[in-house]
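So you can see what is in the structure, the chains are spelled out below.
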Amino acid sequence: MTLPSFNLLAQAILSGIFIGSLYGLIGLGLGLTWGLLRQINLSHFGLVFLGGYLSYQMGTVWHLDPLLALLVVPPLFFGVGVGMQWLLSKFSITPFNSLLVTFGITVVIESAIQGIWTADYRRLESGYNQMKFTVGGLYVPVPELVTLLLSLAVAFGVWAAMRYTDLGKALRAMAEDGPIAAAYGVNSKRLALLLAGLCAALAGVAGVCLALMFTLAPSQIFAWVGVVFAAVMLGGLGSALGPLVAGVIIGVSEAITMAVASPSWAPIVSFSLLIVMLLFRPAKAGT
């Protein structure tokens, strides 16, 4: 095994931070629904990829600025999330049942993507693809930088809302003890609809970033499940900042592993961290 140079190692760490921020951004909505609504929403991954394909459609096919998708996709997905939560609320959904139901929704989304865009690989072509600059000898691609900044802004925005607003306090109270919160006037059903819409909107934001950074294929939807689940579990269910921190840790660990050893060893890192966490620190919901 040959040790990489300092510049190569630093570039690998920077790349790990970028990909880790995407892990955290995807995991944010998943962790909120899991921790606060007690739903394991696998359809979140389908929505992320659907958002990526809509960004591809706007940027490559319609020749619009792909960042305009941030003005279109999240509000659209907010309505989708509200509709899905309204439908699920009509039935007695346990966490395990939600896993099965949303898995089925993900399969439907995957089939719809294949029906519209086919199973071929799609790449968002825009002026951002070739935009990069150097800082101290390190290359900083603009799409990755946009993803990092969006991830930080969204995570800190959700954290501030959860901690300092009445809505956030009501959501935390609902997750802690629904009947007691209802006794104090908290409308749990309305809050659940709002939270589900917000999490779906976050999936739309993550989808835009995914399209900026990666080539898209419907078959890749489930390839992201493991590492994002690891980021959510490591960061804490219902946490706003935890998935981002955990995602960056996983991303940097994977990048260093690929630089020092082999890319085939990278997936072992995230799951090893997850196993260690499950053994020594039980997950807790919180912000």
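Since we're looking at a predicted model, the values are computed, not measured.

J.: Please provide a residue-by-residue account of the overall build of the protein chain, values included.
T.: When its secondary structure is counted, the protein chain shows eleven helices and two strands. Written out in order from the N terminus, the α and β elements of the protein chain read α-α-α-α-β-β-α-α-α-α-α-α-α. Oriented by its inertia axes, the alpha-carbon framework of the protein chain measures out at about 60 × 50 × 35 Å. Burial statistics for the protein chain: of 287 residues in total, 48% are counted as buried.

J.: Run through the side chain of Gln 85, naming residues and quoting values.
T.: Within the secondary structure, Gln 85 sits in helix α3 (residues 69–89). On the basis of relative accessibility, which here comes to 7%, the residue Gln 85 falls in the buried class. Not counting chain neighbours up to four residues away, the residues in contact with Gln 85 comprise Leu 37, Gln 39, Ala 192, Leu 193 and Ala 196.

J.: So what's going on with the pairing of strand β2 (residues 138–141)? Which residues, and what values?
T.: Residue alternation in β2 divides its side chains into a buried set, Leu 138 and Val 140, and an unburied set, Tyr 139 and Pro 141. When strand β1 (residues 132–135) meets β2, the two strands line up antiparallel, connected through four bridges. Among the inter-strand pairings, Phe 133 is bridged to a residue of β2, identified as Val 140.

J.: Can you tell me about unusual backbone geometry, naming the residues and giving the values?
T.: Although it is not a glycine, Arg 38 adopts a positive phi angle of roughly 60°. Inspection of the secondary structure assignment puts Arg 38 in the loop between α1 (6–37) and α2 (43–61). Judged by its relative accessible area of 39%, Arg 38 is partly exposed. Although it is not a glycine, His 63 sits at a positive phi angle of roughly 60°. Along the chain, His 63 turns up in the loop between α2 and α3.

J.: So what's going on with helix α11 (residues 266–280)? Which residues, and what values?
T.: Spanning 15 residues, α11 covers 22 Å between terminal C-alpha atoms, matching the ideal 21 Å at 1.5 Å per step. All buried positions along α11 are accounted for by Ala 266, Val 269, Ser 270, Leu 274 and Met 277. Projected down its long axis, α11 carries its buried residues within an arc of 125°, all on one side. Against the buried residues of α11 lie α9 (225–235) and α10 (242–260).

J.: Give me the lowdown on the nonpolar core, citing residues and values where you can.
T.: Soluble globular proteins tend to pack their nonpolar side chains together in the buried interior. One finds Phe 45 and Trp 224 to be the most contacted residues of the largest nonpolar core, which totals 70 residues. At 16 residues, helix α8 (residues 188–213) tops the list of elements feeding residues into this core. Once you skip the residues sitting within four places of it in the chain, Phe 45 turns out to touch Ile 26, Leu 30, Ile 221, Trp 224, Val 225, Val 228 and Phe 229. Core analysis: the second largest hydrophobic core is formed by six residues, Ala 10, Leu 14, Leu 138 and Leu 148 among them.

Rules of the game
Residues numbered from 1 in each chain as written. Predicted model: local features only at pLDDT ≥ 70, side-chain atom pairs only at ≥ 80, totals over all residues. Heavy atoms only, no water. Helix = DSSP H or I, 4+ residues; strand = E, 2+ residues; numbered from the N terminus. Buried < 20%, exposed > 50% of the residue type's maximum accessible area, 1.4 Å probe, protein only. Contact = heavy atoms within 4.5 Å. Pairing = 2+ DSSP bridges. Expected span 1.5 Å × (residues − 1). Arc of directions from axis to C-beta. Core = buried A, V, L, I, M, F, W, Y, C linked by side-chain atoms within 4.5 Å.

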